[in-house]
Amino acid sequence: MLFRSNDGGSIVLTAGDGSGNGNVAQINDNGVAQNLVFAAGGSIQITAGGAGNNNVAQIRANNGTSGVQTQSIGGAPNITVTGGIAGGAAGSGNIASISNDRGSQNITAGSILLEAGLGGVENSATIRSPLQTIAATTVTLNAHASGSSGGARIGGGSTPLAAPTDLTLTTIGDITLNGGTTSGASLGANATPTAGQNVDVTIHAGGNVILNGGNGAEARIGSPASLVQGGHVSVTAAGSISLQGSATNPAAIRSAGAVDLHADAAGGQILQNATGLIAASSLATTSHSGTQLVGANAVNTFSGGNSSGGGIALSNTAAVLALGGVSQSGSGDLVISNAGSMTLTNA
C-alpha cells in the first residue's frame, strides 16, 4: 500500500467518542509494504475514543507472516498518538498506535508525541515493531493515568505476541519520557514481556535524554523490573543524560546485558537522583562535565571516563563490583561505593 501526500497535508484518525464500543478508525494493510510518504511538513494525528471500550485508532501493517511486511513513514510529518481520555477495559482499551508487530518499521518524522490516556483502563499510545529505525526532531512520551498496561511506549511487540525489541532512535533535539500516576513511559519492551526476547535500544540524541519517574509509575529505557531481558542499551546524547525518579517510582535503564552511556560534548553530564536506577551486567560511561550516579544501581562491572570537571560518582548494590578502567581527567572527585566487595580488573 502506498499513500502519498504532495502538499504537506495531514492524516487524521479519530475513533468513536460516544459511549459505544468497537469503533475503529484505521489505515490497515496486509500486504508486503505499507508506505506513507509526505511532502515537507504535514502531520499524522491518531486519537483513540474517549468513552466506551475498544475504540481504537491505528495505522497498522498486519501481515500474519513474521518478517514479511515493512512499514515506513517518510517526509518528516509531525506525529501525535493519543490514547483515550477515559473508558477502556482490561483487554479492550481505547488504544492509539502505529504498529507492525511482525515486521520492520522505518519512520522519518518531525516531532513525535505519545500521550497515553488521561484516565480509563489500558488506553495506551504506542509505536511498535520488533525492528525499528526512527528519526525525529524531538520525541516526547507522556504516560498519564490509564493503568499498568496503558502507558506510552516505543518498542517491540505487544501482548500476546512474543517479539524482541531492536530500536534505533535518532533525534535532532531532546528525548523526554514522563512517567504517570498509574502508567509508565518507556523505550523498550512492554510491561509484560515474554522470556527470551532480547531488548536492544540504541539512542543518538542531538539534545538531552531526560527520564522523569511519575508519582505512580516509572519512566524507563530497556526492560521492566518484572523481567529484565538480555540485549544492549546504548545512549549517546549531545547534551546530558538525566534519570530523575520520583519519591516512589524510578527513572530506570535496565538490561541483563550491557548499558553504555555517553555525554561527551562540552557541558555533557550523566546525572541521576536517589531514585534513578541503572540495572545491568555491565555499565560503561563517558562524559565531559561529570557523571553522578547516586541511586541504588545494580551493575556487576563498571568502567567510566570524564574529561573535564564534575567528577565521577557511582553508588551500587551488587554483591561484587568489578571495576575496569576509570579515568577522571579534569577537576572533581572519583567516588565509587558498593554494598558488597570491589575488585580491580583493569586499573
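Procedures and definitions
- Residues numbered from 1 in each chain as written.
- Predicted model: local features only at pLDDT ≥ 70, side-chain atom pairs only at ≥ 80, totals over all residues.
- Heavy atoms only, no water.
- Helix = DSSP H or I, 4+ residues; strand = E, 2+ residues; numbered from the N terminus.
- Rg over C-alpha atoms; globule rule 2.2 N^0.38 Å.
- Buried < 20%, exposed > 50% of the residue type's maximum accessible area, 1.4 Å probe, protein only.
- Contact = heavy atoms within 4.5 Å.
- Salt bridge = Lys/Arg side-chain N within 4 Å of Asp/Glu carboxyl O.

Asker: Account for the overall build of the chain, with residues named and values stated.
Answerer: Within the chain one finds zero helices and 32 strands. By the compact-globule yardstick of 20 Å for 347 residues, the chain fits well, its C-alpha radius of gyration being 20 Å. In terms of overall dimensions, the chain has a C-alpha envelope of 60 × 40 × 30 Å along the principal axes. Here the chain, with 347 residues, has 51% of them falling under the buried criterion. Restricting the contact set of the chain to residue pairs at least 6 apart, pairs at least 24 apart contribute 69%.

Asker: Can you lay out the pattern of salt bridges for me, pointing to particular residues and giving the numbers?
Answerer: What the rule picks out here adds up to three salt bridges. In this structure, Asp-101 and Arg-128 form a salt bridge, with 2.8 Å as the shortest nitrogen-oxygen distance. Note that Asp-101 is positioned in the loop between β9 (96-99) and β10 (104-108) and Arg-128 in strand β12 (residues 125-128), a separation of 27 residues in sequence. Summarising the burial analysis for this pair, Asp-101 and Arg-128 share the class buried. Shared partners join several salt bridges into a network, and the residues in it are Glu-218, Arg-220 and Arg-254.

Asker: Kindly report on unusual backbone geometry, identifying the contributing residues and their values.
Answerer: Residue Asn-54 is not a glycine yet carries a positive backbone phi of 60 degrees. Its location among the elements puts Asn-54 in the loop between β5 (43-47) and β6 (56-61). When its relative accessible area of 36% is taken as the criterion, Asn-54 is described as partly exposed. The backbone of Glu-122 sits at a positive phi, close to 55 degrees, despite the residue not being glycine. By secondary structure assignment, the location of Glu-122 is in the loop between β11 (112-115) and β12.

Read these as spatial facts, not as claims about activity.
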